[in-house]
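Residues per chain are reported as follows:
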Amino acid sequence: MKIEFPKNFWWGAATSGPQSEGRFNKQHANVFDHWYEIEPEVFYDQVGPDTASNFYNSYKQDIAMMKVIGFNSFRTSIQWSRLIDDLEEGTVNEDAVRFYNGVIDECLAQGIRPVMNLLHFDLPVELQKKYGGWESKHVVDLFAKFATQCFRLFGDRVEDWFTFNEPLVIVDGAYLYQFHYPNIVDGRKAVQVAYNITLASAKAIAAYREFNTNPKGRIGIILNLTPSYPATDSPEDLAAAHFANLWMNDMFLGASTKGQFSEELVGILEKDGVLWDSTDDELSIIKANTIDVLGVNFYHPSRVKQPSISSNSLAVDWMPTKYFDNYEMPGRRMNVDKGWEIYPKALHDIALNIRDNYDNIPWFVSENGMGVSREERYLNEEGIIEDDYRIQFIQEHLYWLAKGIEEGSNCFGYHLWTPIDCWSWKNAYRNRYGFIANNIHTQVKTIKKSGYWFKEVTQNNHFEILEDLTRL
């Protein structure tokens, strides 16, 4: 079966500054740099972000490899902790300007569209220590200063900007479930951080509208949209899934596309006594500065059921999980190595949700991928990793994405996570996701079988899939 995609479809992959450049030659530490300094044992094999994938030094060769496998677009991020010297004043580091200019210019020289994101979990740790990070509206204003410098320095060549990558992960990881520094468990702070990040995004968009001089320029946000499916059709399970979708998906998506938060979610948070502190002026800024374009990260679905205890139970601390419990569906397909469910049809559901409920805003798959450990198991005699499992994973997701496009969803591209195996937060290099393998000891990089397969897809704008892989 042939699966075809629209003309000028984006084909590429995504990484981030902290995960590809690492801390190398950087004045400020971000929150993950700092966390590794104080608790290296938390990180897989005690591998930290020092040089990461050496992109700082080898970006020309790395971008050339991306060109070999057919990329026409590539997303990375600008590290706040690299670009800005004085975090209060927003003054820039000239070496960082040289580096990011070099990356952008090399992409353009290779015929690859540079797509730039501003914040990928990498808040400068000084701002966390001094102000409480995203708990502070002063940090919101400092982020807008940083964003303004990015637009001023690079906006003449970069057409596609994104303010945040997966803001919900900052909320969940740093303030609810303890997988991002500072590992706080505080539902009230989590809610305020969600609001402050939304305000920060809107203020960055406002700065973009003021300083952008590129007539082709546009700006958006990248959200991890994870459809929450109910365990059963019972009213209780349906209610659990409804709230989970409000919290996980609509909170940032609604505010970013419509300029306002769901009245239902606001009502629930207000009833529970945890609604964020806001002003009319701030809400007006959010209302006036909606996104032009959306990036969607999708890896696995969310399945939920009614909470095991009543949401009316007496509790000291507020958590969103008072309204739902996670559910593991019997018989689910899994990437057992990573521990994530594989459910490609969710990408079709996301496509139709954007079409029907969010004004069919232009969007692209900004991340999708399969993490596998010890990929050297699949090394052949020619030194190529035969990652057929990754090829199948991509095929299945592209099949369901194509159906969404055929049914009118305004999707214009697909990016894998990630071009080159990269450092991945607490997991370090445990799971590999790239089209290109990276020996972290020698920094020798080798294209995997999936990279050669992807090149054919990008050249033809279509691929063949077995009918068996199109069935749920």
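Reading the values: rules and limits
Residues numbered from 1 in each chain as written. Predicted model: local features only at pLDDT ≥ 70, side-chain atom pairs only at ≥ 80, totals over all residues. Heavy atoms only, no water. Helix = DSSP H or I, 4+ residues; strand = E, 2+ residues; numbered from the N terminus. Rg over C-alpha atoms; globule rule 2.2 N^0.38 Å. Buried < 20%, exposed > 50% of the residue type's maximum accessible area, 1.4 Å probe, protein only. Contact = heavy atoms within 4.5 Å. Polar contact = N/O pair within 3.5 Å; in protein donor to acceptor, adjacent residues only side chain to side chain. Pairing = 2+ DSSP bridges. Axes fitted to C-alpha atoms, helices over the stretch in contact; angles between N-to-C directions. Expected span 1.5 Å × (residues − 1). Bend = angle between axes of the 7 residues up to and from the residue. 1 Å grid on protein atoms, 1.4 Å probe; cavity = no way out; pocket = protein on both sides within 12 Å on 5 of 7 lines; lining within 4 Å. Points joined across faces, edges and corners; volume = space filled by probe spheres on them. Nonpolar A, V, L, I, M, F, W, Y, C, P; charged D, E, K, R; others polar. Parallel < 35°, antiparallel > 145°, perpendicular 65-115°, else oblique. Left-handed = near helix turned anticlockwise from the far one by under 90°.

1. Some thoughts on the overall build of the chain
- Counting its secondary structure elements, the chain contains 15 helices and 17 strands.
- In terms of overall size, the chain behaves like a compact globule, its C-alpha atoms giving a radius of gyration of 21 Å where 472 residues would be expected to give roughly 23 Å.
- For the chain, the spread of C-alpha atoms along the three principal axes comes to 60 × 55 × 50 Å.
- By residue count, 61% of the 472 residues in the chain fall in the buried class.
- Considering only contacts in the chain between residues 6 or more positions apart, those separated by 24 or more positions represent 77%.

2. Quick word on the side chain of Asp387
- When you line up the elements, Asp387 lands in the loop between strand S13 (363–367) and helix H14 (388–406).
- Of the polar contacts made by the side chain of Asp387, one reaches the side chain of Arg390; its length is 2.7 Å.
- In this structure the side chain of Asp387 is engaged in a polar contact, spanning 3.4 Å, whose partner is the backbone nitrogen of Lys449.
- Non-local contacts of Asp387, meaning those with residues more than four positions away in its chain, are made with Glu375, Gly434, Lys448, Lys449 and Ser450.

3. Examining the pairing of strand S4 (residues 113–119)
- The element S4 is largely enclosed, with a buried count of six among its seven residues.
- Here strand S3 (residues 73–77) runs beside S4; their pairing, made up of five bridges, is parallel. Residue pairing in the sheet places Ser77 in a bridge with Asn117 of S4.

4. Digging into the sheet that holds S3
- Overall, parallel pairing links the eight strands, which are arranged S2-S3-S4-S5-S6-S8-S13-S14 in a closed barrel. The average undirected angle you get between the axes of adjacent strands in this sheet is 25 degrees.
- Strand direction decides the pairing type here: strand S8 (residues 293–297) and S13, joined by four bridges, are parallel. Residue pairing for S13: Leu294 is matched across the bridge by Trp363.
- Where H14 meets the sheet, it contacts strand S2 (10–14), S13 and strand S14 (411–417), and its direction lies at approximately 165 degrees from that of S14.

5. What about helix H10 (residues 235–258)?
- For H10, spanning 24 residues, the distance from its first C-alpha to its last is only 28 Å, which falls clearly below the expected 34 Å at 1.5 Å a residue.
- Asp250 marks the point of greatest bend in H10, at about 55 degrees.
- With respect to burial, H10 is a largely interior element, 17 of its 24 residues being buried.
- Downstream of H10 by one or two residues, Gly259 has phi in the positive range, about 80 degrees.

6. What about the layout of surface pockets?
- A volume near 1,400 Å³ is recorded for the largest pocket.
- If you trace the largest pocket, you find 46 residues lining it, with Val169, Phe179, Asn224, His300 and Trp340 closest to the centre.
- Looking at the second largest pocket, its volume works out to about 500 Å³.
- Every residue lining the second largest pocket is counted, 21 residues in all, and those nearest its centre are Glu375, Glu376, Tyr429, Arg432 and Asn438.
- Along the lines of polarity and charge, the residues of the lining of the second largest pocket split into nine nonpolar, five polar and seven charged.

7. Some remarks on the packing of helix H8 (residues 167–175) against helix H9 (residues 187–211)
- Contact geometry of H8 with H9 gives a least axis separation of 9 Å together with a crossing angle of 155 degrees. Here H8 is positioned roughly antiparallel relative to H9, judged by the angle of their axes. Note on packing geometry: the crossing formed by H8 with H9 is right-handed. Between H8 and H9, the contacting residues are Pro167, Ile170, Val171 and Tyr175 on the first element and Gly187, Lys189, Ala190, Val193, Ala194 and Ile197 on the second.

8. Here we look at H14
- With 19 residues, H14 should reach 27 Å at 1.5 Å per residue; the first-to-last C-alpha distance of 27 Å fits that figure.
- Counting buried positions along H14 gives 15 out of 19 residues, so the element sits mostly inside the fold.
- Just past H14, the residue Gly408 takes up positive phi, approximately 105 degrees.

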